[in-house]
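# An overview of the molecular structure
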Amino acid sequence: MADSTCNILKIVKMAKRWGLDWFILALIGVILLAYFWPHIGAKDSVIPLTQIATYGISVVFFFYGLKLSPQKVRTGLSNWRLHLVVQLATFVLFPLLVLLAKNIPGINVSEIIWIGVFFLASLPGTVSSAVVMVSIAKGNIPSAIFNASISTLMGVFITPLWMEIYLNTASVDIDLGPILLKLTLQVIFPVVLGIILNPLWGAFAEKNSKRLRYFDQTIVLLIVYTAFCESFAKKMFEGYSVLLLVELGVAMIVLFYAVYMVIYLTSKILKFKREDKITALFCGSKKSLVHGTVMSKVLFAGSPYIGIVLLPIMMYHALQLVMVSVIAQWFARNNVRANS
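Since we're looking at a predicted model, the values are computed, not measured. The residue numbers shown here count from 1 along each chain, following its written sequence. Whole-chain, interface and lining totals are the exception, using all residues; otherwise, since this is a predicted model, local features are given only for residues with pLDDT of at least 70 and side-chain atom pairs are given and counted only at 80 or more. Only heavy atoms go into the side-chain values, all of them from the structure, while hydrogens and water stay out.

A few words on a nonpolar patch on the surface. Nonpolar side chains (Val, Leu, Ile, Met, Phe, Trp, Tyr) are joined into patches within 5 Å and like charges within 9 Å, using only residues with over 30% relative accessible area and no salt bridge. Where accessible areas are quoted, they stem from the Shrake-Rupley method and a 1.4 Å probe; at the residue level, only the protein chains shown are allowed to cover. Any carboxyl oxygen of Asp or Glu within 4 Å of a side-chain nitrogen of Lys or Arg constitutes a salt bridge here. Side chains of Leu25, Ile28, Leu32, Leu33, Tyr35, Phe36, Trp37, Ile40, Val46 and Ile47 sit close together on the surface and give an oily, nonpolar patch of about 1100 Å² of accessible area. Each helix is a run of H or I in the DSSP string that is no shorter than four residues. Each strand is a run of E no shorter than two, and both are numbered from the N terminus. Sort the elements by how many residues they give to the nonpolar patch and helix H2 (residues 22-36) lands first, with 6 residues. Note on placement: Ile28 falls in helix H2.

Before going further, it helps to spend a moment on the layout of surface pockets. Once rolled over the atoms, a probe with the size of a water molecule shows which space is left empty. Within this model, the second largest pocket holds a volume of roughly 500 Å³. Put plainly, a pocket is an open set of points on a 1 Å grid over the protein atoms alone with protein on both sides within 12 Å along at least five of seven lines, a cavity is a set where a 1.4 Å probe fits but cannot get out, and a lining residue has an atom within 4 Å of a point. Lining the second largest pocket are 19 residues, with Ile31, Leu245, Leu311, Met314 and Met315 sitting closest to its centre. Mapped by element, the contributors of at least two residues to the lining of the second largest pocket are H2, helix H12 (209-233), helix H13 (242-269) and helix H16 (306-339). The classification used treats Ala, Val, Leu, Ile, Met, Phe, Trp, Tyr, Cys and Pro as nonpolar, Asp, Glu, Lys and Arg as charged, and all other residues, Gly among them, as polar. Tallied by class, residues from the lining of the second largest pocket come to 18 nonpolar, 1 polar and no charged. Grid points are joined across faces, edges and corners, and a volume is the space filled by probe spheres set on the points.

In this section: the confidence of the model for the chain. What pLDDT conveys is the predictor's confidence in a given residue, as a value from 0 to 100. On average, residues of the chain carry a pLDDT of 79, and 81% of them reach 70 or more. Per-element confidence in the chain is highest for helix H6 (residues 80-102), whose mean pLDDT is 94, and lowest for helix H1 (residues 2-17), whose mean pLDDT is 57. Note on definitions: a residue-residue contact is assigned when non-hydrogen atoms from the two residues lie within 4.5 Å. Counting interchain partners and residues more than four positions distant, the pLDDT-below-50 stretch residues 336-340 has 0 contacts.

This part is about helix H4 (residues 49-66). Take the number of residues in a helix, subtract one, and multiply by 1.5 Å to get its expected span. Taking 1.5 Å per residue, 18 residues should reach 26 Å; H4 reaches 26 Å between its end C-alpha atoms and fits that length. Using a 1.4 Å probe on the protein chains alone, a residue whose accessible area is under 20% of its type maximum counts as buried, one over 50% counts as exposed, and one in between counts as partly exposed. Of all the positions in H4, only Leu49, Thr50, Ala53, Gly56, Ile57, Val60, Phe61, Phe62, Phe63, Tyr64, Gly65 and Leu66 are classed as buried.

Any two side chains of opposite charge can pair, on the condition that their charged atoms come close. Enumeration over the complete set of coordinates arrives at 1 salt bridge. One salt bridge in this structure joins Lys102 and Glu111, with 3.3 Å as the shortest N-O distance. With relative accessibility at 22%, the residue Glu111 sits in the partly exposed group.

Note on ring pairs: Phe, Tyr and Trp rings are taken, using the six-membered ring of Trp, and paired if centres are within 6.5 Å. Classes follow the plane angle, with under 30 degrees stacked, over 60 edge-to-face and the rest tilted. On inspection of all chains with the given rule, the structure shows 11 aromatic pairs. Ring centres of Phe62 and Phe63 lie 5.4 Å apart, and the angle between their planes is 65°; on these two criteria the pair is classed as edge-to-face. By the burial criterion, Phe62 is buried, and Phe63 matches it. A centroid spacing of 6.4 Å and a plane angle of 70° characterise the contact between Tyr257 and Tyr260, whose relative ring orientation is edge-to-face. Of this pair, Tyr257 and Tyr260 both sit in helix H13, 3 residues apart, roughly one helical turn. With relative accessibility at 9%, the residue Tyr260 sits in the buried group. Taken together through their ring pairs, the aromatic side chains of Phe94, Phe256, Tyr257, Tyr260 and Tyr316 make up a single cluster. When the NZ atom of lysine or the CZ atom of arginine is within 6 Å of a ring's centre and also within 35 degrees of its normal, the charge is said to sit over that ring. One residue, Lys287, lies across the ring of Phe91, its end atom 5.9 Å from the ring centre. The side chain of Lys287 reaches across the aromatic face of Phe94, ending 4.4 Å from its centre.

Fitting a line to C-alpha atoms yields each axis, with helices limited to the stretch in contact; the angle taken between N-to-C directions then spans 0 to 180 degrees. Where H4 meets helix H15 (residues 289-299), the closest approach of the two axes is 10 Å, and the angle between their N-to-C directions is 130°. Comparing the axis directions of H4 and H15 gives the class oblique. Our pair here, H4 against H15, has a crossing hand that is left-handed. In this structure, H4 contributes Thr50, Ala53, Thr54, Ile57, Val60, Phe61 and Tyr64 to the contact, and H15 contributes Val290, His291, Val294 and Lys297. What sets the label is the angle itself: under 35 degrees gives roughly parallel, over 145 gives roughly antiparallel, 65 to 115 gives roughly perpendicular, and the rest give oblique. Crossing handedness is defined as follows: a turn of the near helix away from the far one that is anticlockwise and smaller than a right angle gives a left-handed crossing, while the clockwise case is right-handed.

Below is the structure:
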């Protein structure tokens, strides 16, 4: 019994090292729940899970704004070259690479999948995991915090703008007027309110950041569950093979390393210090699943395809954690050798 417990602990420890934390396992779990019991989380369910998720979105973005103090913004502006590289990679390089890939001859993928991939490309970077990885790799932590926070705030405006541009060129009929109004009420207003109230409650948000992160992840799991319930209930995944999922996973890995290499070469040309290079690489190549799921609830509200749209960001999230974890450990080991 003791041996089996020890083996389980070793497996859990190994899984954490490779980025497979409880949250990724929970994501897989809620998708399986949605597959077997889709009607519980669908719109016509007697349990109002969709409405709960909708209110949860506003709370998530309120706390984003609450944690963003004006003082942090002013302090972080000094390292402007690093910030420019990170934000351009996040909001310009990603979308351009996806648009370039879409125009490669011979790629036969449905428009809904492309919308999901472009939606991923338009999202801001992560906050917590990016800072954690920069810390492990011995990078510039204050700049990582600044870039992650600013990226989240900018994403509230830039992600819908990119999606409006893309959807206007795609063969998808989505009325953006009500979406933008809903976005203002559910996302922008809570963020602005949070920033205004930062002097009063900002310290509380920072002190309870770990608990708030669990709240964020719970809302994400709820949104993913209800999204996939709707898609499974309306049989939206019929016609999509396992091979397509494998190809999509490979495409996400290629996208990650394409962005990573461009940032690496740019950092080299600009002669960034080692700490700044690490921050640029990790903050500029990551995408936020939290922001993606809550924003999708606003941008694609009422669409039965929302589960399919979320597939690329969920795949990218899981794969980026694994890849960045390995790279962060490599940077940490090399730093120890250099200082020994």
